[in-house]
Amino acid sequence: MPSAKYTDLVEKLPASVPFVGPEAQERTRGGEFAARLGANENVFGPSPKAIKAMSDAASGVWMYGDPESHDLRHALAQHHGIPTENIMIGEGIDALLGYLVRMFITQGDKVVTSAGAYPTFNYHVDGFGGDLVKIPYHNDHEDLPALLAKAKEVGAKLVYFANPDNPMGTTSKGTDIEAALDDIPDGCLLILDEAYVEFAPFDACPNIPIEQENVIRMRTFSKAYGMAGARVGYAMAEADLITGFNKIRNHFGMCRISQAGALAALADTDYLNQTIENIDQARIRIAEIAKNHGLNSLPSATNFVAIDCGEDGDFARAVLTEVVAAGVFVRMPFVAPQDRCIRISCGRPQDLDIFEKAFGPALALARRKRA
Ligand SMILES: Cc1ncc(COP(=O)(O)O)c(C=O)c1O
């Protein structure tokens, strides 16, 4: 027990982590995974230009990073055709979500999300005492109209909506999102998490004026740019809201090596396009592996594919356990009926070979146990 007393809120929170990392699992198993396909990391890695920029920046790591992330913000502003004051850089979307929740949520405030959606957001809401209200998925999609209707009903201050979604990889049309914006209730902010948007069809991206006061968009270098370990994300919103982050953020949270890497990655469009092509191929391959085993997979707009194991959550968990036991790190949705699936990140061909080899026997074992 610490000598100082926890706040009442922290006292009541269960000791929990949203995810048990693959490293922790490796320590438990006593060996490394043969393939790492569970955290939607981009196994194809960052642009060689980003790697060079990070190597070049390494000797300067005795210096703190620029607390304003000036160069990266300017480059992003140019990239998106919006003013710099509409962009905030942070230590991944995860940290930005935490800052955002800290800005808006105090004990008892209502927050609406989908049951089984990205759990790190929920973790932040719990940590500030917010009251999470959850809406079921509709046909494996996060249901924006239902989320907004619930927000109105309960007087929510925040609504979380990921497009494309994790863990199912599904997407809504940008025009449908645009049409729903009028239904954001007064006093409520819509968080549009677009961590995977670079992998999605163009029509998944809504056109939302940057001055719109009730929407904030989140993007990341962790997925399409292959830099999850560098922890670089950014938020785009109207300028006042962006300024709000400065009241509470960790001003020296950004590592200068990561800032340099992100800047170089953003400039390397050819590499980004190659990555998107690689991911496309991997999605096709995962779908084929599923099909070869008589299973369906969900069409994905992300760098992972949900394979429907064809039965209930217990069965999918049994399949997952066997795949993991065979040395392949994968994860699955937490909530029914989505938990009938296991979720496979888009690996390189050699990673997917390893998965394929493990998957058939895992399915057979799970079926035998169930029979
Ligand atoms: C929907 C979603 N948002 C955000 C993140 C995390 O992004 P970052 O690495 O920028 O914190 C993830 C990571 O898996 C995710 O699936």
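S.K.: Where do I start with the pairing of strand S10 (residues 304–308) in this structure?
M.R.: Side chains on a regular strand alternate between the two faces of the sheet. Burial analysis of S10 places 5 of its 5 residues in the buried class, which makes it a mostly covered element. What you see with S10 is no split at all: Phe304, Ala306 and Asp308 on one side and Val305 and Ile307 on the other are buried throughout. Where strand S9 (residues 296–297) lies against S10, 2 bridges are found, and the strand directions are antiparallel. Paired with Asn296 across the strands is Asp308, a residue of S10. The hairpin formed by S9 and S10 contains 6 residues between the paired strands. In terms of strand pairing, S10 meets strand S12 (residues 341–345) through 5 bridges, oriented antiparallel. From the neighbouring strand, Val305 faces S12, where its bridge partner is Ile344.

S.K.: Help me out: how do you make sense of the domain arrangement of the chain in this one?
M.R.: The parts lose accessible area when they come together, and the size of an interface is often stated as this lost area. Taken as a whole, the chain is organised into domain 1 (8–45 + 270–370) and domain 2 (49–268). Put simply, the middle of domain 1 and the middle of domain 2, counted by C-alpha atoms, are 24 Å apart. The interface is formed by 32 residues belonging to domain 1 together with 33 residues belonging to domain 2. Summed over both partners, the interface of domain 1 with domain 2 buries about 2500 Å², with 63% contributed by carbon and sulfur atoms. Our count for the contact surface shared by domain 1 and domain 2 stands at 1 salt bridge.

S.K.: What am I meant to see in the packing of aromatic side chains here?
M.R.: This structure, assessed with the given rule, holds 8 aromatic pairs. A centroid spacing of 6.0 Å and a plane angle of 50° characterise the contact between Phe221 and Tyr234, whose relative ring orientation is tilted. Taken as a pair, Phe221 in the loop between strand S7 (215–220) and strand S8 (233–236) and Tyr234 in strand S8 lie far apart in primary sequence, 13 residues in all. Like Tyr234, Phe221 is buried. The rings of Phe221, Tyr225 and Tyr234 are connected pair by pair, giving a single aromatic cluster. The ring centre of Phe304 lies 5.5 Å from the NZ or CZ of Arg343, which sits over that ring.

Thresholds applied
- Residues numbered from 1 in each chain as written.
- Predicted model: local features only at pLDDT ≥ 70, side-chain atom pairs only at ≥ 80, totals over all residues.
- Heavy atoms only, no water.
- Buried < 20%, exposed > 50% of the residue type's maximum accessible area, 1.4 Å probe, protein only.
- Helix = DSSP H or I, 4+ residues; strand = E, 2+ residues; numbered from the N terminus.
- Pairing = 2+ DSSP bridges.
- Domains from an automatic or database assignment.
- Contact = heavy atoms within 4.5 Å.
- Buried area = accessible area lost by both parts, 1.4 Å probe.
- Salt bridge = Lys/Arg side-chain N within 4 Å of Asp/Glu carboxyl O.
- Phe/Tyr/Trp six-rings, centres within 6.5 Å; stacked < 30°, edge-to-face > 60°.
- Lys NZ or Arg CZ within 6 Å of the ring centre and 35° of its normal.

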